[in-house]
Amino acid sequence: MKIQIKTIFSSIALSALLVGCNSKPTSEMDAFIDDLMGKMTLEEKIGQLNLPVTGEIVTGQAKSSDVAQQISEGKVGGLFNLKGADRIREMQELAVNNSRLGIPLLFGMDVIHGYETVFPIPLALSCSWNMETIEKTARMAAIEASEGGICWTFSPMVDISRDPRWGRVAEGSGEDPYLGGEIARAMVRGYQGDLTRNDEILACVKHFALYGASEAGRDYNTVDMSRIRMYNEYFEPYKAAVEEGAGSVMASFNEIDGIPATGNKWLLTEVLRNQWGFDGFVVTDYTGIYEMIAHGMGDMAEVSKLALEAGVDMDMVSDGFVGTLAQSVAEGKVSEATIDQACRRMLEAKYKLGLFENPYKYCEERKEAPAYSLQERKDFARKAATESFVLLKNEGNLLPLKKQGSVAVIGPLGNTKANMPGTWSVATIMDSAVTVVEGLQRVLGDQVTVRYAKGSNLMSDAAYEQRATMFGRELGRDNRSDEALLNEALQVARQSDVIIATLGEASEMSGECSSRTELNIPDVQRRLLEKLLATGKPVVLVLFAGRPMTLTWEAEHVPAILNAWFGGTETGLALADVLFGDANPSGKLTMTFPKNVGQIPIYYAHKNTGRPLIGPWFEKFKSNYIDIDNEPLYPFGYGLSYTNFSYDNFTLDKAEMGVNDVINAQVTITNTGKYDGAEIVQLYIRDMVGSVTRPVKELKGFQKIFLKAGESRTVNFEINADMLKFYNSDLDFVCEPGDFEVMIGANSRDVESLPFVLK
Ligand code: BGC
């Protein structure tokens, strides 16, 4: 017999009366779910734990299953990667009208940096250090995705990573746990709000945990890390997202302490639920349960049991739960109570989203105008992109360019729409992206003549280019010879006053399964760059990349370098704004740029070691290399502006503090240049002596301030004892009395420091 939602509701009142006699309801929600679960068969409960993929948008290895049939049988809890409210409504109707209990489905998607309007990739956005901007992009993404029927996004991705070989650094916020934590909070707030409106969607913090520490930067690879390091350097952003109320968590592919995260009870139950108080649901990553067979953890029945008992509530794509759990219960291997617990969490999520009240909440035609119009979203994407670009070099103030004469845009990334949005723009309409050439033409009109030549393919090696441009983000390979492409470009370049070299990676060279062992600009593009420089014309390198690249040669030879990452749909316009001075760049790096791949992992918050190199490179029997110094090419926190900022009068209001006191650290920043601009003032702290070794500095505060040319402002940071805490060898979060150093500066390298004491 089919029980409609309405019937379920009408029975709540009754059950609320009845429950008083046996179990005590903690809330209306509990009473509702108790009642519903009382009607569910074991198979239906297991069905709630199942998240198949439809294959309509591809984000993993395709799997075919008859999803419609499964939905009708009550064997599906949610679906992901469906685009369009009508399509989603169709599937929801199947669940509501055709399954016995009519329980609505969750509809998820990888809305990682926007839906149709795409914002800069997360690594780029993090370089804005602007929490309001970041929160607003998440808010706008939620509005757009929810208009398309989506109620759940697999974001924020908060994996700390210090290895740019790993392509997925593009999806995260870089190397720093504190900054990463602040960004995680902003994104959860932006997506979820208070989850009452139909334009607020459930966040999913991922990939829990440590996915960014995969060995050799190879995707899906092994992770091995001490617990003290997990707690001090990698857990903070996940914990911050949980504290902010993230409704779901995704288990990562990698192992932790020898047990895959998907089956790791210590991680998913002890840390996540018992220590951090998480009360949402845990979903696996794509085929995470199935992959435990290859990890060597057992057959499908065993790994499914392992995952469930570890704390997984929802199985993404493995079919492990629907395929094996009923039998395991029958054989007495898995308790029904464990399944009940997971099922309850899934129903709670649906309840909190309001899907029981209205299963079509997210796919109904909206009566009111959206909080932001499409044009407002686009304008904001453009602004966010200008904030995310990082100016790495600007010799002789080549930038900003004057709005006169002519420019030559040269390079394989200068006129390609598909490569502007960046990895994880699965729902966008590629044609709506603005290329560099288009952006310059639209912003500059007849003021500047804009010419374009491709100059080279992405790589000479067609097979490599094919691997690097999968998923339909092709550049359109030009079949002319390298020589012919180069000659054409040189001709175009010679006719123009300035060359804008648009080089780097295609967008699919970062993101999932896009690890690289060399991080240089591909050879054929480098050769093009050399020839462009040899023309004697001024060259601005606009670098497209989803990761820190090794730019040692470029830093020496090219006068101006703007790291554009992948700036989203409005990239071309944002680049025109910045290159021609309508916007002043203010982005600062959130990942260290190495000089070469051999320095990786390289990060600013490293330990001192017992043999630190104090003098200049090289010293025998010190911790250094014989072939290169220890310094990065560009440090964490680094980025230039068209103006200059001076840092003066750095003071502390006292030199000692107790655990309940604060010290005020002040510094006066002056915009000493000709342009108005924003500066990101950074505060670092070093614990000089500890019961365990402590990093040479750790970011503990930052402020992004806007100063008009000539303007000064005194910035104040309050230092309190919480900022001095760390996990000790018992994994207790403590601060220890003793000597500290506080540093303030424009990046992690160029700081001034003052000592203070915690009594
Ligand atoms: C990725 C996740 C993503 C999921 C669903 C996986 O391969 O690791 O980040 O959310 O697919 O598309």
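Residues numbered from 1 in each chain as written. Predicted model: local features only at pLDDT ≥ 70, side-chain atom pairs only at ≥ 80, totals over all residues. Heavy atoms only, no water.

> Give a detailed account of the overall build of the protein chain, specifying residues and quantitative values.
When you go through the protein chain residue by residue, the secondary structure sums to 22 helices and 26 strands. For the protein chain, the C-alpha radius of gyration of 27 Å lies close to 27 Å, the compact-globule estimate for 759 residues. A principal-axis box enclosing the C-alpha atoms of the protein chain has dimensions of 80 × 65 × 50 Å. Taking all 759 residues of the protein chain together, the buried fraction comes to 61%. Approximately 27900 Å² of the protein chain is accessible, and the part contributed by carbon and sulfur atoms is 49%. Of the charged side chains in the protein chain, 75 are positive and 102 negative, and the gap between their average positions amounts to 2 Å. (Helix = DSSP H or I, 4+ residues; strand = E, 2+ residues; numbered from the N terminus. Rg over C-alpha atoms; globule rule 2.2 N^0.38 Å. Buried < 20%, exposed > 50% of the residue type's maximum accessible area, 1.4 Å probe, protein only. Areas by Shrake-Rupley, 256 points an atom, 1.4 Å probe, with all protein chains shown as cover. Lys, Arg positive; Asp, Glu negative; His and termini not counted. Charge placed at Lys NZ, Arg CZ, Asp CG, Glu CD.)

> Requested: an account of the pairing of strand β3 (residues 106–109), with residues and values cited.
What you see with β3 is no split at all: Leu106 and Gly108 on one side and Phe107 and Met109 on the other are buried throughout. Bridge count between strand β2 (residues 78–80) and β3: three bridges; the pairing is parallel. Bridge pairing links Phe80 to Gly108 in β3. Read as a crossover between parallel neighbours, the route from β2 over helix α5 (residues 85–98) to β3 is right-handed. Pairing of β3 with strand β4 (residues 152–153) involves two bridges; the strand directions are parallel. Of the residues in β4, the one forming a bridge with Gly108 is Trp152. (Pairing = 2+ DSSP bridges. Right-handed = clockwise from strand over helix to strand, strands pointing away.)

> Give me the packing of helix α16 (residues 374–388) against helix α22 (residues 571–579): which residues, what numbers.
Two numbers describe how α16 lies on α22: the axes approach to 8 Å, and their chain directions differ by 50°. When the axis of α16 is compared with that of α22, the two are oblique. Note on packing geometry: the crossing formed by α16 with α22 is right-handed. Where α16 approaches α22, its residues Arg382, Ala385 and Thr386 are matched on the opposing element by Leu573, Ala574, Asp577 and Val578. Residue composition of the contact of α16 with α22, by class: four nonpolar, one polar and two charged. (Axes fitted to C-alpha atoms, helices over the stretch in contact; angles between N-to-C directions. Parallel < 35°, antiparallel > 145°, perpendicular 65-115°, else oblique. Left-handed = near helix turned anticlockwise from the far one by under 90°. Contact = heavy atoms within 4.5 Å. Nonpolar A, V, L, I, M, F, W, Y, C, P; charged D, E, K, R; others polar.)

> Break down unusual backbone geometry for me, citing the residues and quoting the values.
In the segment running from Ser155 into Pro156, the intervening peptide bond is cis, with an omega of 10°. Mapped onto the elements, Pro156 comes out in the loop between β4 and α8 (177–192). Cis geometry marks the peptide bond from Leu399 to Pro400; its omega dihedral reads -5°. Structurally, Pro400 can be placed in the loop between β11 (390–394) and β12 (406–410). Of note in the backbone geometry, Leu195 takes a positive phi value of approximately 60° without being a glycine. By the element assignment, Leu195 lies in the loop between α8 and β5 (204–208). Exposure remark for Leu195: the relative accessible area of 12% places this residue in the buried category.

> Give a description of the site of the ligand that names residues and reports values.
With respect to spatial proximity, 14 residues lie near the ligand, and among them Thr59, Asp110, Arg168, His207 and Asp285 are the closest. Between an oxygen atom of the ligand and a side-chain N or O atom of Asp110, the distance comes to 2.5 Å. The contact in question runs from an oxygen atom of the ligand to an N or O atom on the side chain of Lys206, over 2.8 Å. Relative to its free-state accessible area of 310 Å², the ligand is covered by the protein chains to the extent of 99%. Looking at the shell around the ligand residue by residue, the class counts come to seven nonpolar, two polar and five charged. (Near = heavy atom within 4 Å. Polar contact = N/O pair within 3.5 Å; in protein donor to acceptor, adjacent residues only side chain to side chain.)

> A description of the sheet that holds strand β22 (residues 712–720) should follow, citing residues and the corresponding values.
As summarised here, the arrangement of the three strands in space is β17-β19-β22, forming an open sheet in which the pairing is antiparallel. Each edge of the sheet is formed by a strand with only one pairing partner; in this case those strands are β17 (645–652) and β22. Averaged over neighbouring strand pairs, the angle between their axes works out to 20° when direction is ignored.

> Please set out the UniProt feature "domain: Fibronectin type III-like" (unreviewed entry) in the protein chain residue by residue, giving values where relevant.
As annotated by UniProt and renumbered to match this structure, "domain: Fibronectin type III-like" (unreviewed entry) occupies residues 679–748. For residues 679–748, the helix share is 0%, the strand share is 57%, and the end-to-end C-alpha distance is 14 Å. (UniProt positions renumbered as here; feature names shortened; annotations may be inferred.)

> Which residues make up the pattern of salt bridges, and what values go with them?
Side chains that differ in sign of charge can pair as their charged atoms come close. In this structure the tally under the stated criterion is 53 salt bridges. Arg516 is the salt-bridge partner of Glu505, the closest N and O atoms lying 2.8 Å from each other. Placement of the pair is Glu505 in the loop between β14 (498–504) and α20 (523–534) and Arg516 in the loop between β14 and α20, with a sequence separation of eleven residues. Per residue, the accessibility class of Glu505 equals that of Arg516, and both read buried. (Salt bridge = Lys/Arg side-chain N within 4 Å of Asp/Glu carboxyl O.)

> Can you tell me about the packing of helix α13 (residues 300–310) against helix α14 (residues 320–330), naming the residues and giving the values?
As a packed pair, α13 and α14 sit with axes 9 Å apart at the nearest point and diverge in direction by 90°. Our classification of the angle between α13 and α14 gives roughly perpendicular. Residues Met300, Ala301, Ser304, Lys305, Ala307 and Leu308 of α13 touch α14, and the partners they reach there are Gly320, Phe321, Thr324, Leu325 and Ser328. Taken together, the residues that form the contact of α13 with α14 break down as six nonpolar, four polar and one charged.

> Can you lay out helix α9 (residues 227–234) for me, pointing to particular residues and giving the numbers?
Side chains that are three or four residues apart share a direction in an α-helix, a result of its 3.6 residues per turn. The set of residues buried in α9 consists of Met230, Tyr231, Asn232, Glu233 and Tyr234. If you follow the buried residues of α9, they end up packed against α8, α10 (236–243), β7 (255–256), α11 (265–275) and β23 (726–727).

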